[in-house]
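What follows is the residue order along each chain.
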Amino acid sequence: MKNRSRVEELADRLTAGKALTREEYAYLIDHRTPELTHQLAKAAVAVRERIYGRSVFIRGLIEISNYCKNDCFYCGIRCSNDHCDRYRLTPEEVLRCAKEGYELGFRTFVLQGGEDTFLTDDKLCALIRDLKKQFGDCAVTLSLGERSRKSYQRLFDAGADRYLLRHETADPAHYRKLHPETMSPENRMRCLRDLKEIGFQTGCGIMVGSPYQTSSELAEDLAFIRSFRPDMCGIGPFIPHRDTPFGNETPGTAELTCFLLSMIRLIHPAVLLPSTTALATIDPGGREKGLLSGANVVMPNLSPKEIRGKYELYDHKLHEGEESAQGFRALSEKIRSLGLEPAVDRGDIRKEE
Ligand code: 5AD
């Protein structure tokens, strides 16, 4: 009874927009019940509606390269995975994908890729300028990993609007368990601070259920999101990839991912929060569950059909049906069936909270 009342008190404070301590965030995670999950989801959906109405923003995702110089222990496109069939889109191919998306009505393009050293600032800036020239009313989002401040500045000056860089975990010791020694939590955070200072709409994010993660690491992530106030936050379950050191680890769950989506919406009401492909991959109803937990963004794949299967960050990553731009109509129907409205406009973050 005593425990139950503590959960209730914390849930009330969270719902009222109050900050909780790390210990309190962890307590809520550890003591969650289906009732609490339902209560927080309801509150999160109400907050989302207050700020964004019924809109769910659709972004066209273009996976421009699966070359990567990094060797993250969880990721299927890590450099030491010899089984990964590498590809890189030409600028013409990227522009063609964007055109296809533009015709479907999309006004945000997300260029995502591994840390591909071939993609120099000069090449990327030329591509960004071309995109902006052809599709001037669109937002260009980049998700290309860690770069120097100077490089981020050049990409911004070329016209890129947003940058996604998941922090993966806000706990430095945990970060080191997921990455080789060549990568550091300090540089990750430096990148995120630089991106924000330069003026990008900036996104961070985590994998839920990554190896060694406990509620205490998750509480650290929530506290980080509370203080950093990202414009976007991408979270999805960790899913093992067979050709990685974490190939036999336990995956994260849709259940905890959705619980955290609700918490994040309540902690940072205006954040743009995708219902991710990983969530749809681990649970056939994941896409909807994410939206019903407070998410308000979906990112269907605009990459050319032939290469889509090659951007395999984790086993069985979905890339067909509603995950694809061609499945846009089915996706729109699904969104409407939840009482929500697909929105293809730029969908910038609303500042009022
Ligand atoms: N499971 C789930 N998400 C993954 N990512 C990379 N590998 C995996 C995996 N095995 C996520 C990381 C990265 C983003 C591009 O994809 O969070 O930042």
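Residues numbered from 1 in each chain as written. Predicted model: local features only at pLDDT ≥ 70, side-chain atom pairs only at ≥ 80, totals over all residues. Heavy atoms only, no water.

**Q** What am I meant to see in the overall build of the protein chain here?
**A** When you go through the protein chain residue by residue, the secondary structure sums to 14 helices and nine strands. The C-alpha radius of gyration of the protein chain comes to 19 Å, within 12% of the 20 Å expected for a compact globule of 353 residues. Based on the C-alpha atoms only, the size of the protein chain along its principal axes is roughly 65 × 45 × 35 Å. In the protein chain, of all internal contacts separated by at least 6 residues, the share reaching a separation of at least 24 is 75%. If the 51 positive side-chain charges of the protein chain are averaged to one point and the 52 negative ones to another, these points end up 3 Å apart. (Helix = DSSP H or I, 4+ residues; strand = E, 2+ residues; numbered from the N terminus. Rg over C-alpha atoms; globule rule 2.2 N^0.38 Å. Contact = heavy atoms within 4.5 Å. Lys, Arg positive; Asp, Glu negative; His and termini not counted. Charge placed at Lys NZ, Arg CZ, Asp CG, Glu CD.)

**Q** Just to check I follow, could you spell out the site of the ligand for this structure?
**A** Lining the immediate surroundings of the ligand are Tyr74, Cys75, Arg166, Glu168, Met207, Pro237, Phe238, Ile239, Leu313 and Tyr314. One of the backbone nitrogen or oxygen atoms of Tyr74 is found 2.9 Å away from a nitrogen atom of the ligand. One of the side-chain N or O atoms of Glu168 is found 2.5 Å from an oxygen atom in the ligand. (Near = heavy atom within 4 Å. Polar contact = N/O pair within 3.5 Å; in protein donor to acceptor, adjacent residues only side chain to side chain.)

**Q** In this structure, what is going on with the nonpolar core? I would like to understand it.
**A** If you look at soluble globular proteins, the nonpolar side chains tend to sit buried side by side. Leu14, Ile62, Leu142, Tyr163, Leu260 and Met263 are the most contacted members of the largest nonpolar core, which has 112 residues in total. If we skip the residues at most four places from it in the chain, Met263 touches Leu14, Tyr25, Leu28, Ile29, Leu40 and Leu222. (Core = buried A, V, L, I, M, F, W, Y, C linked by side-chain atoms within 4.5 Å. Buried < 20%, exposed > 50% of the residue type's maximum accessible area, 1.4 Å probe, protein only.)

**Q** It is not clear to me how the environment of Leu164 should be interpreted in this structure. Could you clarify?
**A** Within the fold, Leu164 resides in strand S5 (residues 162–164). Taking the C-alpha atoms as reference points, Leu164 and Cys204, 40 residues apart in sequence, are found 6.1 Å from one another. Excluding residues within four positions of it along the chain, Leu164 makes contact with Val110, Thr141, Leu142, Ser143, Gly203, Met232 and Met299.

**Q** Could you clarify how one ought to interpret the sheet that holds strand S1 (residues 55–58) in this entry?
**A** Adjacent strands of a sheet form backbone hydrogen bonds with each other and so pair up, either parallel or antiparallel. If you walk across this open sheet you meet the three strands as S8-S1-S9, and the pairing is parallel. Each edge of the sheet is formed by a strand with only one pairing partner; in this case those strands are strand S8 (297–298) and strand S9 (341–343). The pairing of S1 with S8 spans two bridges and is parallel. Counterpart to Phe57 in the pairing with S8 is Val297. Contacting S1, S8 and S9, helix H14 (residues 328–337) runs over the sheet at an angle of about 135 degrees to S9. (Pairing = 2+ DSSP bridges. Axes fitted to C-alpha atoms, helices over the stretch in contact; angles between N-to-C directions.)

**Q** For this particular structure, what's the right way to read the side chain of Lys317?
**A** On the secondary structure map, Lys317 appears in the loop between helix H13 (305–308) and H14. Residues in contact with Lys317, not counting those within four places in the same chain, are Glu63, Thr277, Thr281 and Tyr311.

**Q** When you look at the pattern of salt bridges in this model, what are you seeing that I'm missing?
**A** Pairing is possible between side chains that carry opposite charge, provided their charged atoms lie close to one another. Per the counting criterion, the structure on display carries 32 salt bridges. Close ionic contact of Asp71 with Arg78 constitutes a salt bridge, the shortest N to O distance being 3.4 Å. Grouping residues by exposure puts Asp71 and Arg78 together as buried. As a salt-bridge pair, Arg88 and Asp116 come within 2.7 Å of each other at their nearest N and O atoms. In this pair, Arg88 sits in the loop between strand S2 (60–65) and helix H4 (91–104) while Asp116 sits in the loop between strand S3 (108–113) and helix H5 (121–134), placing the two residues 28 residues apart along the sequence. On the basis of relative accessibility, which here comes to 7%, the residue Asp116 falls in the buried class. (Salt bridge = Lys/Arg side-chain N within 4 Å of Asp/Glu carboxyl O.)

**Q** I would appreciate a short explanation of the pairing of S1 in the present structure.
**A** Remark: a regular strand shows side chains that alternate across the two faces of the sheet. What you see with S1 is no split at all: Ser55 and Phe57 on one side and Val56 and Ile58 on the other are buried throughout. With three bridges connecting them, S1 and S9 associate as parallel partners. When the bridges of S9 are listed, Val56 appears paired with Pro342.

**Q** Is there a simple way to think about the packing of aromatic side chains in this case?
**A** A ring pair, where both rings are aromatic, is described by two values, the distance of the centres and the angle of the planes. Under the definition given, this model contains eleven aromatic pairs. Taken together, a centroid distance of 5.8 Å and an interplanar angle of 65 degrees make the contact between Phe109 and Phe135 edge-to-face. Here the residue Phe109 occupies a position in strand S3, and Phe135 occupies one in the loop between H5 and strand S4 (139–143), the gap between them amounting to 26 residues. Taking the relative accessible area as the measure of exposure, Phe135 reaches 5% and is therefore buried. Measuring from centroid to centroid gives 5.8 Å for Tyr163 and Phe200, while their planes differ by 75 degrees, and the two rings are edge-to-face. You can see Tyr163 sitting in strand S5 and its partner Phe200 sitting in the loop between helix H8 (185–198) and strand S6 (201–208), a full 37 residues away along the chain. (Phe/Tyr/Trp six-rings, centres within 6.5 Å; stacked < 30°, edge-to-face > 60°.)

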